[in-house]
Amino acid sequence: MDFSITKDDEAAATAFDRFCQDKIAPRAAKADATSTFPKETWGDLKEIGFFESFYEGDYGLGLSWVQRCMMEESLAKACASTFLTACAHIGLCGAPLFYFGTPEQKQRWLRPLVDVSTIGCFGLTEPGCGTDAAAIKTRAKKSGKGWVLSGEKALITNAPIADFAVVFAVTDPEAGYGGVTMFGVDLKKPGVTRSAPYPKMGLRSSPTGGLIFEEVALNDDDVIGEVGQGFIHAMQTLELGRIGMCHFGIGIAEAAYDCARKYATERTAFGKPLARLQAVHFKIADMKIEIDAARMMARRVAWMKSKGEMVGPMASIAKTYATEMAVRVADAAVQIHGGWGYTTDFAAERYLRDARLGPIGEGTSEIQRELIARDLLAE
Ligand SMILES: Cc1cc2nc3c(=O)[nH]c(=O)nc-3n(C[C@H](O)[C@H](O)[C@H](O)COP(=O)(O)OP(=O)(O)OC[C@H]3O[C@@H](n4cnc5c(N)ncnc54)[C@H](O)[C@@H]3O)c2cc1C
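Description of the structure in this document. From a predicted model like this one, the values you see are computed outputs, not experimental measurements.

**As for the site of the ligand**
- The local shell around the ligand holds 17 residues, among which Phe122, Thr125, Thr131, Thr364 and Glu366 are the closest.
- Within the contact set of the ligand, an oxygen atom lies 2.6 Å away from a side-chain nitrogen or oxygen of threonine 131.
- One of the side-chain nitrogen or oxygen atoms of glutamate 366 is found 2.8 Å away from an oxygen atom of the ligand.
- Notes on the ligand: free accessible area 970 Å², of which the protein chains cover 64%.
- Among the secondary structure elements, those contributing two or more residues to the shell around the ligand are strand S3 (146–157) and helix H11 (365–377).

**What to know about the side chain of lysine 153**
- With respect to the helices and strands, the residue lysine 153 is situated in strand S3.
- The exposure class of lysine 153 is buried, given its relative accessible area of 0%.
- Looking at lysine 153, its side chain comes within polar contact range of the main-chain oxygen of leucine 124, at 3.1 Å.
- Aside from chain neighbours lying at most four places away, what touches lysine 153 is Gly123, Leu124, Thr125, Glu126, Pro127, Ile136, Thr138, Val167, Phe168, Gly210, Leu211 and Phe213.

**Side note on the pattern of salt bridges**
- As enumerated under the stated definition, the model contains 23 salt bridges in all.
- Put simply, glutamate 254 and lysine 288 hold a salt bridge, and the shortest N to O gap is 3.2 Å. Taken as a pair, glutamate 254 in helix H7 (residues 230–266) and lysine 288 in helix H8 (residues 278–306) lie far apart in primary sequence, 34 residues in all.

So, how was this worked out
- Residues numbered from 1 in each chain as written.
- Predicted model: local features only at pLDDT ≥ 70, side-chain atom pairs only at ≥ 80, totals over all residues.
- Heavy atoms only, no water.
- Near = heavy atom within 4 Å.
- Polar contact = N/O pair within 3.5 Å; in protein donor to acceptor, adjacent residues only side chain to side chain.
- Areas by Shrake-Rupley, 256 points an atom, 1.4 Å probe, with all protein chains shown as cover.
- Helix = DSSP H or I, 4+ residues; strand = E, 2+ residues; numbered from the N terminus.
- Buried < 20%, exposed > 50% of the residue type's maximum accessible area, 1.4 Å probe, protein only.
- Contact = heavy atoms within 4.5 Å.
- Salt bridge = Lys/Arg side-chain N within 4 Å of Asp/Glu carboxyl O.

Just distances and angles here, no functional claims.
Here it is in structure tokens:
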């Protein structure tokens with residue numbers, strides 16, 4: 001395996017990390033406390049080219065997967081809410097357009113996402129199903145030269161603020177997995193309404209909500225990819241999302257490690273800094289061991305991706321480990337802070353609340369383990 005990058009790429013990654021720490025991290029606590037989507041951050045991310053880091057050709061900078069992963073890690077470390085919101089916009093929503101969209105759809109929908117003149121979201125989950133994505137009830141019925149979309153999506157990142165959504169709907173109820181189609185939906189269309197943002201445990205400056213479609217008229221050229229291929233396209237998109245979720249976990253864990261390390265060197269107990277107590281030594285060491293292991297797994301997936309290999313179970317392994325690791329590391333950071341770790345005076349509690357999404361979002365840990373085991377046990 002070769003994870004090496006050029007000196008120029010390393011300098012660019014270091015510059016992006018500095019940008020995240022200087023511009024984004026200082027806004028994270030207030031945005032979380034007020035559950036406010038930090039709009040100015042998106043302007044800054046656009047200026048530095050973050051939204052162009054995902055794709056190549058007319059729609060991006062053509063960065064390597066390893067470079068992209070380093071950027072994602074820096075962003076999640078600075079503000080996990082911003083990571084989730086920005087990656088749902090350009091990754092989950094943008095990827096189906098980039099990989100399966102027509103040139104006209106890319107120009108119509110992907111261009112404004114990359115330019116950030118619109119905000120995008122990815123609508124798969126529904127009130128009645130998430131893991132069991134093939135059980136969606138949202139329906140698109142053929143009508144003349146178009147479709148009529150009715151149904152409801154729930155737990156959608158950016159739904160309260162988005163202009164555009166990639167939406168999955170059943171077009172042939174008899175065809176099971178093969179009866180789902182992916183549509184691009186302008187959310188200003190008549191018949192689209194949204195729920196209020198959900199109050200959440202963590203990631204509070206990343207707005208999450210529901211979308212309701214009541215007989216929304218769509219055209220034939222609003223179908224992204226092929227009719228009946230939506231479920232496969234959703235799974236392909238979520239596989240890419242899993243790579244992102246590794247860096248969500250690693251970034252949060254790095255931030256938690258940094259704050260725990262700092263606190264351990266500053267706080268004294270029994271006449272010496274916490275950092276001189278063996279129990280704290282072990283925690284700090286374990287945090288670093290786990291972060292490094294997760295990063296290696298994630299880099300392996302990035303390296304495989306850059307060689308055009310199938311990453312399926314490797315992405316599940318890396319996602320499961322990195323996101324569960326982040327919860328353990330953030331919990332250890334709270335513990336090292338003692339009672340102060342339980343207060344909002346320190347960021348450790350926010351890291352723990354934010355990290356908790358990782359084993360749930362973009363395929364729960366349980367379903368990842370199912371996928372890993374099915375692959376291992378396949379004849
Ligand atoms: C903050 C946030 C942002 C989100 N953003 C988006 C988004 O942008 N777009 C989107 O489409 N969705 C989004 N989601 C939804 C997320 O993907 C789902 O919550 C997730 O897939 C789980 O689905 P569910 O909540 O319906 O849980 P369920 O599917 O009801 O699962 C409940 C529990 O049962 C377990 N379980 C279910 N089936 C199995 C099985 N076969 N084997 C073992 N265990 C199983 C699950 O692992 C889980 O522990 C978001 C969720 C959150 C919290």
